[in-house]
Amino acid sequence: MSVLVCGGAGYIGSHMVAELLENNEDVVVLDNFQKGHRDAVIGNVKVYEGDLRDRKILDKVLSENNIDAVIDFAADSLVGESVSEPLKYFNNNVGGTISLLQALKDYNVKNIVFSSTAATYGEPENIPILEGDKTFPTNPYGETKLTVEKILKWCDNAYGIKYTALRYFNAAGAHISGKIGEDHRPESHLIPIILQVALGKREKIMIFGNDYNTPDGTCVRDYIHVSDLASAHLLALNKLRQGGESKIYNLGNGKGFSVKEVIDVTKKITGIDIKAEIAPRRAGDPAVLIASSEKAIKELHWKPKYDSLETIIETAWNYHKNHINGYDK
Ligand code: UDP
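Our subject in this report is the structure included herewith. Chains are numbered independently. Their residues run from 1 in the order of the written sequence. pLDDT decides what is reported in this predicted model: residues at 70 or higher carry local features, side-chain atom pairs at 80 or more are listed and counted, and totals for whole chains, interfaces and linings draw on all residues regardless. Hydrogens and water molecules were not included; the side-chain quantities draw on all heavy atoms of the structure.

## Considerations on the overall build of the chain
Quick note on the threshold: Numbering goes from the N terminus for both helices and strands, where a helix is a DSSP run of H or I of at least four residues and a strand is a run of E of at least two. To sort residues, take the accessible area from a 1.4 Å probe on protein chains only and compare it with the maximum for the residue type: under 20% means buried, over 50% means exposed, and anything in between is partly exposed. The contact definition used throughout considers only heavy atoms, calling two residues in contact when any of these lie within 4.5 Å. In this tally, Lys and Arg are treated as positive and Asp and Glu as negative; His is ignored, and so are the chain termini. A charged residue contributes its charge at one atom only: NZ of Lys, CZ of Arg, CG of Asp or CD of Glu.
Along its length, the chain carries 10 helices and 14 strands. Expressed as a percentage of the 329 residues in the chain, the buried residues total 56%. Relative to all contacts within the chain whose residues are 6 or more apart in sequence, the contacts with residues 24 or more apart total 77%. Taking the average location of the 38 positive side-chain charges in the chain and that of its 44 negative ones, the two points are 1 Å from each other.

## Remarks on the nonpolar core
Going by this rule: Nine residue types can take part in a nonpolar core, namely buried Ala, Val, Leu, Ile, Met, Phe, Trp, Tyr and Cys, and a core is a set of them joined through side-chain atoms within 4.5 Å.
Counting 33 residues, the largest nonpolar core has V5, L20, I71 and L251 as the members making the most contacts within it. Contributions of two or more residues to this core are made by β1 (2-6), α1 (11-22), β2 (26-31), β4 (67-72), β6 (162-168), α7 (226-241) and β11 (247-251). The element best represented in this core is α7, accounting for eight residues. Ignoring anything within four residues of it in the chain, the contact list for I71 reads V3, L4, V5, C6, M16, L20, V113, H233 and L237. Judged by nonpolar contacts, the second largest core, of 28 residues, contains I193, A198, I269 and W317.

## Let's talk about the packing of α1 against α7
The condition that has to hold: Inter-axis angles, ranging from 0 to 180 degrees, are taken between N-to-C directions of lines fitted to C-alpha atoms, where helices are fitted over the stretch in contact. Each angle gets one of four labels, with under 35 degrees taken as roughly parallel, over 145 as roughly antiparallel, 65 to 115 as roughly perpendicular, and the rest as oblique. Put simply, a crossing is left-handed when the front helix is turned counterclockwise from the back one by less than a right angle, and right-handed when it is turned clockwise. Lys, Arg, Asp and Glu make up the charged group, whereas Ala, Val, Leu, Ile, Met, Phe, Trp, Tyr, Cys and Pro make up the nonpolar group; the residues left over, Gly among them, are polar.
With their axes 8 Å apart at the nearest point, α1 and α7 run at an angle of 60° to one another. As the angle between them shows, α1 and α7 are arranged oblique. Taken as a pair, α1 and α7 cross one another with a handedness that is right-handed. Together, Y11, I12, H15, M16, E19 and L20 of α1 and V226, S227, L229, A230, S231, H233 and L234 of α7 make up the contact between the two elements. Tallied by class, the residues present in the contact of α1 with α7 amount to eight nonpolar, four polar and one charged.

## Brief notes about the packing of aromatic side chains
Heads up, the condition is: Centres within 6.5 Å make a pair out of two Phe, Tyr or Trp rings, where for Trp the six-membered ring is used; the pair is then stacked when the planes are under 30 degrees apart, edge-to-face when over 60, and tilted otherwise. A ring is considered to have a charge above it if a Lys NZ or an Arg CZ atom is located within 6 Å of its centre and within 35 degrees of its normal.
In this structure the tally under the stated criterion is one aromatic pair. If you follow R38 out to its NZ or CZ, it ends over the ring of F33, 3.9 Å from the centre. If you follow K295 out to its NZ or CZ, it ends over the ring of Y249, 5.1 Å from the centre.

## Concerning unusual backbone geometry
For the bond running from I127 to P128, omega is -5°, close enough to zero to count as cis. Of note, P128 is situated in the loop between β5 (111-117) and α5 (140-159). A cis amide bond links R185 to the next residue, P186, at an omega of -5°. For H301, which is not glycine, the phi torsion reads 60° and is therefore positive. Position of H301 among the secondary structure elements: in the loop between α9 (294-299) and α10 (309-322). By relative accessible area, which is 57% here, H301 ends up exposed.

## Digging into the environment of T270
Let me state the cut-off plainly: Two N or O atoms count as a polar contact when they lie within 3.5 Å, although within protein this holds only if one can serve as hydrogen donor and the other as acceptor, and sequence-adjacent residues are included solely when both atoms are side-chain atoms.
By the element assignment, T270 lies in helix α8 (residues 259-270). Between the alpha carbons of T270 and L199 there is a distance of 9.4 Å; along the sequence they are 71 residues apart. When residues no more than four places from it in sequence are discounted, the contact partners of T270 are L195, A198 and W317. Among the polar contacts made by the side chain of T270, one reaches the main-chain carbonyl oxygen of T266 at a distance of 2.8 Å. Of the polar contacts made by the side chain of T270, one reaches the backbone nitrogen of I272; its length is 3.2 Å.

## Things to note about the site of the ligand
Defined as follows: Being near a molecule or strand, for a residue, comes down to having at least one heavy atom within 4 Å of it. Residue burial considers only the protein chains on display, and all accessible areas are found by Shrake-Rupley using a 1.4 Å probe.
Inspection of the region around the ligand gives 15 residues, with L190, M206, F208, R282 and D285 positioned closest. A distance of 3.4 Å is found between an oxygen atom of the ligand and a backbone nitrogen or oxygen belonging to S188. In this structure, an oxygen atom belonging to the ligand sits 3.1 Å away from a side-chain N or O atom of R221. Contact with the protein chains removes 87% of the 510 Å² of surface that the ligand exposes when unbound.

## Some thoughts on α7
Cut-off, in case you're wondering: One less than the number of residues in a helix, times 1.5 Å, gives the span that helix is expected to have.
The terminal C-alpha atoms of α7, which comprises 16 residues, lie 23 Å apart, in line with the 22 Å expected from a rise of 1.5 Å per residue. Of all the 16 residues making up α7, 12 are buried; the element is thus mostly covered by neighbouring parts of the structure. Every buried residue of α7 is listed here: V226, S227, D228, L229, A230, S231, A232, H233, L234, A236, L237 and L240. Directly after α7, the chain includes G243, whose backbone phi takes a positive value near 95°.

## Thoughts on the sheet that holds strand β14 (residues 288-289)
For clarity, the cut-off: In this scheme, strands are said to pair when DSSP sees at least two bridges between them.
With mixed pairing, three strands are arranged side by side in an open sheet as β12-β9-β14. Of all strands in the sheet, those with a lone pairing partner are β12 (257-258) and β14, marking the two edges. Strand direction decides the pairing type here: strand β9 (residues 220-221) and β14, joined by two bridges, are parallel. From the neighbouring strand, V220 faces β14, where its bridge partner is V288.

Pasting the structure below:
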């Protein structure tokens with residue numbers, strides 16, 4: 001039996017592939033390579049190029065392999081872009097998953113782990129955020145992921161497709177080997193941007209707002225190591241394989257760090273002074289997002305391994321300083 005990883009050449013997807021291979025799973029990757037990198041897929045993996053909205057490629061993948069479970073990362077994920085291009089996001093993120101689910105139904109594949117997001121909550125009502133808290137996305141990206149969660153619920157009801165939706169907080173860090181890491185084009189995430197400043201590729205980091213209601217005025221986020229996210233997916237997958245019910249889990253470390261704290265820790269780890277400048281707030285940023293992951297810890301027996309911000313940044317630094325141009329040779 002093989003696990004199909006949709007979007008397996010992306011940042012989290014490629015770490016998922018590594019986690020599966022380390023656990024002796026057979027892996028098949030489907031990626032349209034719009035954002036993914038061929039060099040991010042390392043090891044003995046069968047790779048197909050194609051889009052989830054293309055039924056022909058899904059038929060090929062599902063008929064040529066003995067797939068028992070799918071992990072779906074294939075999506076557009078830029079919050080700002082989703083606000084200016086909502087139709088692109090609904091088309092790809094919702095349309096792509098509907099197409100995938102139709103094929104899973106037709107090929108009798110009953111298990112799916114779905115990549116969801118803390119953006120499903122919008123402005124939180126409580127900190128830490130619990131899975132049962134209200135979901136009111138403040139951008140189309142979060143809305144598309146919440147929409148898919150609802151579609152999954154009804155597909156379970158009608159077709160018996162079991163799902164786990166994992167709502168990530170801030171994915172960060174890189175594989176411990178230093179071979180794969182984060183390379184978005186353009187880069188918009190905090191830690192890689194700070195590291196680009198450390199590497200002299202950018203002059204400074206712009207801090208988006210210092211007038212939030214937080215201890216130092218900058219936004220507080222819950223950073224979770226990408227390999228810890230991957231390990232949670234595998235636990236979720238195995239639980240589904242053992243007959244587990246469909247569930248939704250938060251994935252975070254339950255600890256918040258401000259933008260200024262992240263910059264300070266990065267300065268300490270790299271030993272490089274990092275120039276920072278205060279800029280206006282970024283639209284749609286809540287002041288504080290911190291997960292309660294008690295449910296995943298209790299029910300999936302999930303134990304994050306790289307749970308200190310120092311370790312997360314050290315692994316990211318290890319990747320970035322050895323891949324100054326990301327996956328470009
Ligand atoms: N951020 C920042 N400057 C940047 C990029 C990000 O101040 O150049 C802030 C952003 O406003 C947020 C935090 O860093 O409060 C994390 O942002 P990121 O884009 O990494 O993740 P998000 O929280 O959007 O998922």
